[in-house]
Amino acid sequence: MKVIVMAGTRQILFIQGGGAGTHDEWDDKLCDSLRRELGDAYEVRYPRMPDEDDASYAGWSAAIRRELAALDGGAIVVGHSVGATILVNALAERQPEPEIRAVVLVAAPFVGAGGWPGDEFELPHDLGARLPQGLLVHVFHGLQDETAPPSHADLYARAVPQAQLHLLPGRDHQLNNDLSEVAKTIASDDLRSATGE
(Lines give C-alpha, C1' and ligand atoms only; values in the text may rest on other atoms or scores of the structure.)
Protein backbone atom coordinates (compact mmCIF):
# COMPACT_ATOMS: atom_id res chain seq x y z
CA MET A 1 0.00 0.00 0.00
CA LYS A 2 1.39 3.41 -0.98
CA VAL A 3 1.23 6.15 1.64
CA ILE A 4 0.69 9.64 0.28
CA VAL A 5 2.18 12.28 2.56
CA MET A 6 0.50 15.67 2.36
CA ALA A 7 2.39 18.90 2.98
CA GLY A 8 2.33 19.69 6.67
CA THR A 9 1.53 16.10 7.65
CA ARG A 10 2.85 15.26 11.10
CA GLN A 11 4.63 11.94 11.54
CA ILE A 12 3.82 9.30 14.12
CA LEU A 13 5.92 6.15 14.47
CA PHE A 14 4.06 3.25 16.09
CA ILE A 15 6.20 0.45 17.57
CA GLN A 16 4.35 -2.84 18.02
CA GLY A 17 4.41 -5.13 21.02
CA GLY A 18 6.01 -8.57 21.08
CA GLY A 19 4.52 -12.01 20.54
CA ALA A 20 3.70 -14.30 17.64
CA GLY A 21 1.28 -12.64 15.22
CA THR A 22 1.20 -9.35 17.10
CA HIS A 23 1.90 -7.09 14.11
CA ASP A 24 -0.92 -8.46 11.93
CA GLU A 25 -3.43 -9.82 14.47
CA TRP A 26 -3.24 -7.56 17.54
CA ASP A 27 -1.44 -4.24 17.30
CA ASP A 28 -2.74 -3.55 13.79
CA LYS A 29 -6.06 -2.77 15.53
CA LEU A 30 -4.32 -0.24 17.78
CA CYS A 31 -2.61 1.36 14.81
CA ASP A 32 -5.91 1.48 12.88
CA SER A 33 -7.59 3.14 15.87
CA LEU A 34 -4.82 5.75 16.04
CA ARG A 35 -5.03 6.48 12.30
CA ARG A 36 -8.82 6.77 12.45
CA GLU A 37 -8.77 9.09 15.47
CA LEU A 38 -5.95 11.33 14.18
CA GLY A 39 -7.20 11.69 10.60
CA ASP A 40 -5.39 12.84 7.49
CA ALA A 41 -3.22 15.46 9.20
CA TYR A 42 -1.00 12.63 10.47
CA GLU A 43 1.08 9.94 8.80
CA VAL A 44 1.20 6.90 11.09
CA ARG A 45 4.09 4.56 10.28
CA TYR A 46 3.77 0.97 11.47
CA PRO A 47 6.92 -1.06 10.74
CA ARG A 48 7.21 -4.77 11.44
CA MET A 49 9.74 -5.52 14.17
CA PRO A 50 12.16 -8.44 13.67
CA ASP A 51 11.42 -11.80 15.33
CA GLU A 52 8.26 -10.50 16.97
CA ASP A 53 7.70 -13.79 18.79
CA ASP A 54 11.09 -13.48 20.53
CA ALA A 55 11.77 -9.77 21.01
CA SER A 56 15.42 -9.06 21.76
CA TYR A 57 16.78 -5.70 22.82
CA ALA A 58 19.63 -5.82 20.31
CA GLY A 59 17.42 -6.64 17.31
CA TRP A 60 14.51 -4.37 18.17
CA SER A 61 16.55 -1.36 19.32
CA ALA A 62 18.53 -1.46 16.06
CA ALA A 63 15.29 -1.61 14.04
CA ILE A 64 13.78 1.22 16.11
CA ARG A 65 16.87 3.40 15.58
CA ARG A 66 16.63 2.86 11.81
CA GLU A 67 12.96 3.90 11.87
CA LEU A 68 13.72 6.96 14.02
CA ALA A 69 16.48 8.05 11.63
CA ALA A 70 13.96 8.03 8.75
CA LEU A 71 11.60 10.48 10.49
CA ASP A 72 11.41 14.22 10.09
CA GLY A 73 12.44 16.28 13.12
CA GLY A 74 9.71 16.76 15.70
CA ALA A 75 7.93 13.44 15.13
CA ILE A 76 6.05 11.61 17.88
CA VAL A 77 6.78 7.98 18.73
CA VAL A 78 4.21 5.61 20.25
CA GLY A 79 5.21 2.21 21.62
CA HIS A 80 2.98 -0.62 22.82
CA SER A 81 3.82 -3.23 25.45
CA VAL A 82 7.38 -4.61 25.22
CA GLY A 83 7.91 -2.42 22.14
CA ALA A 84 7.38 0.61 24.39
CA THR A 85 9.84 -0.77 26.96
CA ILE A 86 12.54 -1.32 24.35
CA LEU A 87 11.76 2.06 22.74
CA VAL A 88 12.19 4.09 25.93
CA ASN A 89 15.33 2.17 26.84
CA ALA A 90 16.79 2.86 23.37
CA LEU A 91 15.94 6.58 23.73
CA ALA A 92 17.68 6.69 27.13
CA GLU A 93 20.74 4.92 25.74
CA ARG A 94 21.26 7.16 22.72
CA GLN A 95 19.59 10.42 21.65
CA PRO A 96 17.81 9.98 18.31
CA GLU A 97 18.71 11.95 15.21
CA PRO A 98 16.66 13.75 14.10
CA GLU A 99 15.16 14.87 17.39
CA ILE A 100 11.72 13.55 18.34
CA ARG A 101 9.26 15.70 20.23
CA ALA A 102 7.31 13.19 22.32
CA VAL A 103 7.15 9.53 23.28
CA VAL A 104 3.92 7.79 24.25
CA LEU A 105 4.19 4.50 26.16
CA VAL A 106 1.07 2.31 26.00
CA ALA A 107 0.72 -0.63 28.43
CA ALA A 108 4.50 -0.73 28.85
CA PRO A 109 5.87 -3.36 31.22
CA PHE A 110 8.48 -1.93 33.55
CA VAL A 111 11.58 -4.11 33.46
CA GLY A 112 13.58 -3.68 36.63
CA ALA A 113 13.11 -3.33 40.39
CA GLY A 114 9.44 -3.85 41.28
CA GLY A 115 8.47 -4.84 37.73
CA TRP A 116 9.39 -7.68 35.42
CA PRO A 117 12.80 -9.31 35.74
CA GLY A 118 14.95 -9.14 32.64
CA ASP A 119 18.63 -8.38 32.38
CA GLU A 120 18.61 -7.78 28.63
CA PHE A 121 16.63 -4.55 28.74
CA GLU A 122 16.38 -3.61 32.39
CA LEU A 123 15.54 0.07 32.68
CA PRO A 124 17.99 2.36 34.48
CA HIS A 125 16.83 3.79 37.82
CA ASP A 126 17.46 7.32 36.48
CA LEU A 127 15.55 6.71 33.25
CA GLY A 128 13.98 10.19 33.16
CA ALA A 129 17.34 11.95 33.44
CA ARG A 130 18.75 9.89 30.57
CA LEU A 131 15.97 10.77 28.12
CA PRO A 132 16.53 13.63 25.66
CA GLN A 133 16.07 17.00 27.37
CA GLY A 134 12.65 18.52 26.68
CA LEU A 135 11.15 15.23 25.46
CA LEU A 136 7.46 15.01 26.36
CA VAL A 137 6.61 11.63 27.90
CA HIS A 138 3.09 10.20 28.24
CA VAL A 139 2.34 6.85 29.91
CA PHE A 140 -1.04 5.23 29.16
CA HIS A 141 -2.11 2.14 31.07
CA GLY A 142 -5.39 0.25 31.41
CA LEU A 143 -6.45 -0.50 34.97
CA GLN A 144 -7.65 -3.97 33.86
CA ASP A 145 -4.29 -4.87 32.27
CA GLU A 146 -3.49 -8.43 33.35
CA THR A 147 -0.31 -8.68 31.24
CA ALA A 148 1.56 -5.69 32.69
CA PRO A 149 -0.23 -4.72 35.92
CA PRO A 150 -1.13 -1.04 36.45
CA SER A 151 1.60 -0.87 39.14
CA HIS A 152 4.07 -0.80 36.21
CA ALA A 153 2.70 2.62 35.21
CA ASP A 154 3.48 3.86 38.74
CA LEU A 155 7.04 2.54 38.37
CA TYR A 156 7.41 4.56 35.15
CA ALA A 157 6.05 7.64 36.91
CA ARG A 158 8.77 7.26 39.56
CA ALA A 159 11.57 6.57 37.08
CA VAL A 160 10.47 9.36 34.72
CA PRO A 161 9.26 12.22 36.97
CA GLN A 162 8.48 14.42 33.95
CA ALA A 163 6.05 11.83 32.53
CA GLN A 164 2.32 12.46 32.45
CA LEU A 165 0.43 9.39 33.65
CA HIS A 166 -2.93 8.42 32.08
CA LEU A 167 -4.69 5.53 33.89
CA LEU A 168 -7.74 4.24 32.02
CA PRO A 169 -10.50 2.43 33.96
CA GLY A 170 -11.95 -0.72 32.41
CA ARG A 171 -9.19 -1.05 29.80
CA ASP A 172 -7.01 -4.10 29.18
CA HIS A 173 -3.48 -4.57 27.83
CA GLN A 174 -4.68 -3.62 24.32
CA LEU A 175 -6.67 -0.68 25.78
CA ASN A 176 -9.69 -2.49 24.28
CA ASN A 177 -8.25 -1.63 20.83
CA ASP A 178 -9.12 2.03 21.43
CA LEU A 179 -6.39 4.67 21.29
CA SER A 180 -8.77 7.64 21.27
CA GLU A 181 -7.22 9.10 24.46
CA VAL A 182 -3.75 8.69 22.98
CA ALA A 183 -4.88 10.46 19.80
CA LYS A 184 -6.43 13.32 21.82
CA THR A 185 -3.17 13.76 23.70
CA ILE A 186 -1.13 13.76 20.49
CA ALA A 187 -3.47 16.30 18.90
CA SER A 188 -3.66 18.46 22.03
CA ASP A 189 -2.28 21.96 22.08
CA ASP A 190 0.77 21.05 24.16
CA LEU A 191 2.04 18.50 21.63
CA ARG A 192 1.10 20.63 18.62
CA SER A 193 2.95 23.63 20.00
CA ALA A 194 5.86 21.45 21.03
CA THR A 195 6.25 20.23 17.45
CA GLY A 196 6.26 23.77 16.11
CA GLU A 197 2.63 23.89 15.00
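Preceding this section is the structure that the text describes.
Computed from a predicted structure; not experimentally measured. (Residues numbered from 1 in each chain as written. Predicted model: local features only at pLDDT ≥ 70, side-chain atom pairs only at ≥ 80, totals over all residues. Heavy atoms only, no water.)

Next up on the list: the pairing of strand β3 (residues 75-80). Extensive coverage of β3 is indicated by the burial of 6 of its 6 residues. Neither face of β3 is left uncovered, since the one carrying Ala 75, Val 77 and Gly 79 and the one carrying Ile 76, Val 78 and His 80 both have all their residues buried. The pairing of strand β1 (residues 10-15) with β3 spans 4 bridges and is parallel. Of the residues in β3, the one forming a bridge with Ile 12 is Ile 76. Summarising the sheet, β3 and strand β4 (residues 100-106) pair through 6 bridges and their orientation is parallel. The residue bridging Val 77 from the neighbouring strand is Val 103, located in β4. In this fold, β3 hands off to helix α4 (residues 82-93), which returns the chain to β4; that crossover is right-handed. (Buried < 20%, exposed > 50% of the residue type's maximum accessible area, 1.4 Å probe, protein only. Helix = DSSP H or I, 4+ residues; strand = E, 2+ residues; numbered from the N terminus. Pairing = 2+ DSSP bridges. Right-handed = clockwise from strand over helix to strand, strands pointing away.)

Turning to a negative patch on the surface, a few remarks are in order. Negative charge collects at one region of the surface, where Asp 51, Asp 53, Asp 54 and Glu 120 lie side by side. For Asp 53, the position within the fold is in the loop between β2 (42-45) and α3 (57-69). (Patch = residues over 30% accessible without salt bridge, like charges linked within 9 Å, V, L, I, M, F, W, Y side chains within 5 Å. Areas by Shrake-Rupley, 256 points an atom, 1.4 Å probe, with all protein chains shown as cover. Salt bridge = Lys/Arg side-chain N within 4 Å of Asp/Glu carboxyl O. Lys, Arg positive; Asp, Glu negative; His and termini not counted. Charge placed at Lys NZ, Arg CZ, Asp CG, Glu CD.)

Here is the key point about a regular strand: its side chains alternate between the two faces of the sheet. Among the 7 residues of β4, 7 are classified as buried, and the element is accordingly described as predominantly covered. In this sheet, strand β5 (residues 136-142) lies alongside β4 in parallel orientation, the contact comprising 5 bridges. When the sheet's bridge partners are listed, Val 103 is paired in β5 with Val 137.

In this section: the side chain of Asn 89. When you line up the elements, Asn 89 lands in helix α4. At a separation of 3.5 Å, a polar atom in the side chain of Asn 89 contacts the main-chain carbonyl oxygen of Glu 122. For Asn 89, the residues in contact, after removing those within four places along its chain, are Tyr 57, Phe 121, Glu 122, Leu 123 and Pro 124. (Polar contact = N/O pair within 3.5 Å; in protein donor to acceptor, adjacent residues only side chain to side chain. Contact = heavy atoms within 4.5 Å.)

Before going further, it helps to spend a moment on the packing of helix α2 (residues 27-38) against helix α7 (residues 180-187). As a packed pair, α2 and α7 sit with axes 9 Å apart at the nearest point and diverge in direction by 45°. On the basis of their axis angle, the class for α2 and α7 is oblique. Here α2 runs over α7; the crossing is right-handed. Counting all contacts with α2, which are made through Ser 33, Leu 34, Glu 37 and Leu 38, the residues of α7 involved are Ser 180, Val 182, Ala 183, Ile 186 and Ala 187. (Axes fitted to C-alpha atoms, helices over the stretch in contact; angles between N-to-C directions. Parallel < 35°, antiparallel > 145°, perpendicular 65-115°, else oblique. Left-handed = near helix turned anticlockwise from the far one by under 90°.)

Let us look at the pattern of salt bridges. Note on pairing: side chains with opposite charge can pair once their charged atoms come close. Tallied over the entire structure, the rule returns 8 salt bridges. Residue Asp 24 pairs with Arg 48 through a salt bridge whose shortest N-O separation is 3.0 Å. You can see Asp 24 sitting in helix α1 (residues 22-25) and its partner Arg 48 sitting in the loop between β2 and α3, a full 24 residues away along the chain. In the salt-bridge network here, residues are joined through shared partners; they are Arg 171, Asp 178 and Glu 181.

The subject of this paragraph is the sheet that holds β4. Here we have 6 strands laid out as an open sheet, ordered β2-β1-β3-β4-β5-β6, and parallel in their pairing. The open sheet is flanked by β2 and β6 (164-168), the only strands paired with a single partner. When strand polarity is set aside, the average angle formed by the axes of neighbouring strands in this sheet is 20°. The strands that α4 touches are β1, β3 and β4; relative to β3, the one it contacts most, it runs at about 135°. Here α7 sits on the sheet and contacts β1, β2, β3, β4, β5 and β6; the angle it forms with β5, its principal contact strand, is near 165°.

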